[in-house]
Amino acid sequence: MTVPFEIRLTDLSGQPVQALAEITHSGLGGLQIDVVTTDPDGKLCFAVTAWSEMRVVFYGGYWTLLLDANHVSTPQVCPQLPGCCGRMWWHEILGLDVPDPFAGKDITIGVVDTPFARTPGLEHVTVRNIAGNPSTGGAGTLPSHGETVCRLIGQRMDNPMHFGGVSPGANRICLDAEQDATLNTAVASAAIVKLARDYNCDIINLSAGRRVPTEGLRQAISEAREYGALCVVAAGNEPLAQVSYPARYHESIAVGAIGLRDWGPPPSYCRALSDFASSQADMVGRIAGVDIFHYPNSAYGQGLDVVGPGVGLIIHRGAEPIYDAIGTSFSAPLVAGLLAVILGKSDAYRTLPRGPERAAFAEQALWAVCQRTGMGLEREGRGLPRLLNGF
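Since we're looking at a predicted model, the values are computed, not measured. (Residues numbered from 1 in each chain as written. Predicted model: local features only at pLDDT ≥ 70, side-chain atom pairs only at ≥ 80, totals over all residues. Heavy atoms only, no water.)

1. A closer look at the overall build of the chain
For the record, the criterion: Numbering of helices and strands runs from the N terminus, with a helix taken as a DSSP run of H or I at least four residues long and a strand as a DSSP run of E at least two residues long. The cut-offs for exposure are 20% and 50% of the maximum accessible area for each residue type, with area from a 1.4 Å probe on protein chains only; residues under the lower value are buried, those over the upper are exposed, and the others partly exposed. Here, two residues are considered to be in contact whenever any of their heavy atoms come within 4.5 Å of each other. Using a 1.4 Å probe, the Shrake-Rupley method yields the accessible areas, and only the shown protein chains count as cover for residues.
Scanning the chain from terminus to terminus reveals 9 helices and 20 strands. Split into buried and exposed, the 391 residues of the chain put 59% on the buried side. Within the chain, residue pairs in contact and separated by at least 24 positions form 70% of the contacts whose partners lie at least 6 positions apart. In the structure as shown, the chain presents an accessible area of about 15000 Å², 52% of it carried by carbon and sulfur atoms.

2. Let's talk about the environment of Glu-147
Summarising the element assignment, Glu-147 is placed in helix α2 (residues 145-154). Glu-147 gets classed as buried once you look at its relative accessible area, which sits at 0%. The spatial distance from the C-alpha of Glu-147 to the C-alpha of Ala-117 is 8.3 Å, given a sequence separation of 30 residues. Every residue in contact with Glu-147, bar those within four places of it in the chain, is listed here: Phe-116, Thr-119, Leu-122 and Arg-317.

3. Section: unusual backbone geometry
Cis rather than trans, the peptide bond between Tyr-245 and Pro-246 has omega equal to 10°. Here Pro-246 shows up in the loop between β12 (230-234) and β13 (253-260). For the bond running from Pro-266 to Pro-267, omega is 0°, close enough to zero to count as cis. By secondary structure assignment, the location of Pro-267 is in the loop between β13 and α5 (269-278). With a phi angle near 55°, Ala-288 is a residue other than glycine that sits in the positive phi range.

4. Details of α5
We apply this condition: The directions considered for the arc run from the helix axis to the C-beta atoms.
Among the residues of α5, Tyr-269, Cys-270, Leu-273, Ser-274 and Ala-277 are the ones counted as buried. With its buried residues spanning 135° around the axis, α5 presents them on a single face.

5. Regarding the state of the cysteines
Definition in use: Cysteine sulfur atoms are paired as a disulfide whenever they come within 2.5 Å of each other.
The full count for this structure, using the stated rule, is 0 disulfides. Between Cys-231, a cysteine without a disulfide, and Cys-201, which holds the nearest cysteine sulfur, the sulfur-to-sulfur distance is 9.6 Å. The exposure class assigned to Cys-231 is buried, which follows from its relative accessible area of 3%.

6. Describing the pattern of salt bridges
Where we set the bar: Take a side-chain nitrogen of Lys or Arg and a carboxyl oxygen of Asp or Glu: if they are within 4 Å of each other, that pair is a salt bridge.
A complete count under the given rule lists 16 salt bridges for this structure. Asp-202 serves as the salt-bridge partner of Arg-354, at 3.3 Å between the closest nitrogen and oxygen. Taken as a pair, Arg-354 in the loop between α7 (347-350) and α8 (356-368) and Asp-202 in the loop between α3 (185-197) and β11 (203-206) lie far apart in primary sequence, 152 residues in all.

7. Examining the packing of aromatic side chains
Put simply, the rule is: Paired rings are identified among Phe, Tyr and Trp, the last through its six-membered ring, by centres lying within 6.5 Å, and are further divided according to the angle between planes into stacked (under 30 degrees), edge-to-face (over 60) and tilted (the rest). Two thresholds decide whether a charge sits over a ring: the Lys NZ or Arg CZ must be within 6 Å of the ring centre and within 35 degrees of the ring normal.
Tallied over the entire structure, the rule returns 5 aromatic pairs. Considering the side-chain rings of Trp-89 and Trp-90, the 5.8 Å spacing of their centres and the 85° angle between planes classify their relative orientation as edge-to-face. Look at Trp-90 and you get buried, because its relative accessible area is 4%. With centroids separated by 5.8 Å and ring planes inclined at 40°, the aromatic side chains of Tyr-349 and Phe-361 adopt a geometry described as tilted. With Tyr-349 in helix α7 and Phe-361 in helix α8, the pair connects residues that are 12 residues apart, well separated along the chain. Above the plane of the ring of Tyr-300 lies Arg-379, whose end atom (NZ or CZ) is 4.0 Å from the centre. Here Arg-382 stacks its cationic end above the ring of Trp-367, 4.2 Å away from the centre of that ring.

8. Points about the packing of α2 against helix α6 (residues 328-344)
Each pair of packed helices can be described by the angle between their axes along with the distance between the axes. Just so we agree on the cut-off: Orientation is described by axes fitted as lines to C-alpha atoms, over the contacting stretch for helices, and by angles from 0 to 180 degrees between their N-to-C directions. Crossing handedness: left-handed means the near helix sits turned counterclockwise from the far one by under a right angle, and right-handed means the same turn made clockwise. Under this grouping Gly is polar, as are all residues other than the nonpolar Ala, Val, Leu, Ile, Met, Phe, Trp, Tyr, Cys and Pro and the charged Asp, Glu, Lys and Arg.
Closest axis-to-axis distance for the α2/α6 pair is 8 Å, and the angle between their directions is 35°. Every pair of crossing elements has a handedness; the one defined by α2 and α6 is right-handed. Here His-145, Thr-148, Val-149, Leu-152 and Ile-153 of α2 come into contact with α6, specifically with Ser-329, Phe-330, Pro-333, Leu-334 and Gly-337. Tallied by class, the residues present in the contact of α2 with α6 amount to 6 nonpolar, 4 polar and no charged.

9. A closer look at the pairing of β11
The following threshold applies: A pair of strands is considered paired only if DSSP assigns at least 2 bridges between the two. If the strands point away from the viewer and the path from the first strand over the helix to the second runs clockwise, then the crossover is right-handed.
Residues Ile-203 and Asn-205 line one face of β11 and the alternating positions Ile-204 and Leu-206 line the opposite face, and both faces are buried. Bridge count for β11 against β12 is 4 bridges, and the pairing is parallel. When the bridges of β12 are listed, Leu-206 appears paired with Val-233. Between β11 and its parallel partner β12, the chain crosses via helix α4 (residues 215-226), and the hand of that crossover is right-handed.

10. Observations regarding the environment of Thr-126
Mapped onto the fold, Thr-126 is located in strand β9 (residues 126-128). Owing to a relative accessible area of 26%, Thr-126 belongs among the partly exposed residues under this scheme. Setting aside its immediate chain neighbours within four residues, Thr-126 contacts Arg-172, Ile-173 and Cys-174.

Quick look at the structure:
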């Protein structure tokens, strides 16, 4: 049985918010996701099965909110996202001091994800299907998962002095995994091998997973290593003491997520996550002079290799912020991008033939820049990769 839910949203000046919203709440079969648009008066109207907490992601330049039934009776203020052409906290803790439009030059990153159109900052990305033909998605207000991943890896800015992605100089190829690599492991496996064998990718990002082993994906990741490609995989967005597959396979790099403490204003979802984690001693740490926390919904423990920024990452097209991305799906591409920066500066790496020794070199290069943050060992693995001074 469902009950109606209605809430009016305003900005800080009291004007109605006009935005597309993705609402995650408890449904009859578990979590349910509704996509609705605010009406001219700023109202969101939808049905819920219980008065549970709801995460509301706005695709219109506002922070993701955490709401419940207590927010129904009064208008809810939606804080706007900050501009994001400057150095953001994730650039800082990864050790990226100045914008470098050539970072990652001569390195090729493969992405197994959903397709997207050529939107500002991603015109250089090649998007294809498994057959090798051009594959594009829409360029509407709602960005695809693949678009978000590619923006974090290496969005290019019109102004070279503005920060964009981590490795804007890298070559990128996104292979369409159809609906979702989680749901179609055969397509994801084929894409991984194709990226390594046919496109000579050095790094492959897979921001998807499942709780049960998949031998096909393991074989694909192992085969990619034989061709010289190292797979970087999201650990999973379930607070369990084992990372998901295929991240758990030792042939891949499993990436969990961390956030910046007190990032995001109340009642943003980022701030709620920070407040919760701050009360848990093993979830808090410090690096580069700032306090961080383990993303409470990130998988941890068995199989976790490293962590990366993954809470409140401002995604933008050009200079306009769209939404704040949260999850291990987005910490993995930042680590993949950082590894491209490292390998792009390595003469020794470039001279290696395409084979397993090339993937092994990349793996050791990543381990070499990992730093402990003070969080519990099971929460961060080897730590957070960060460019060292003078790198």
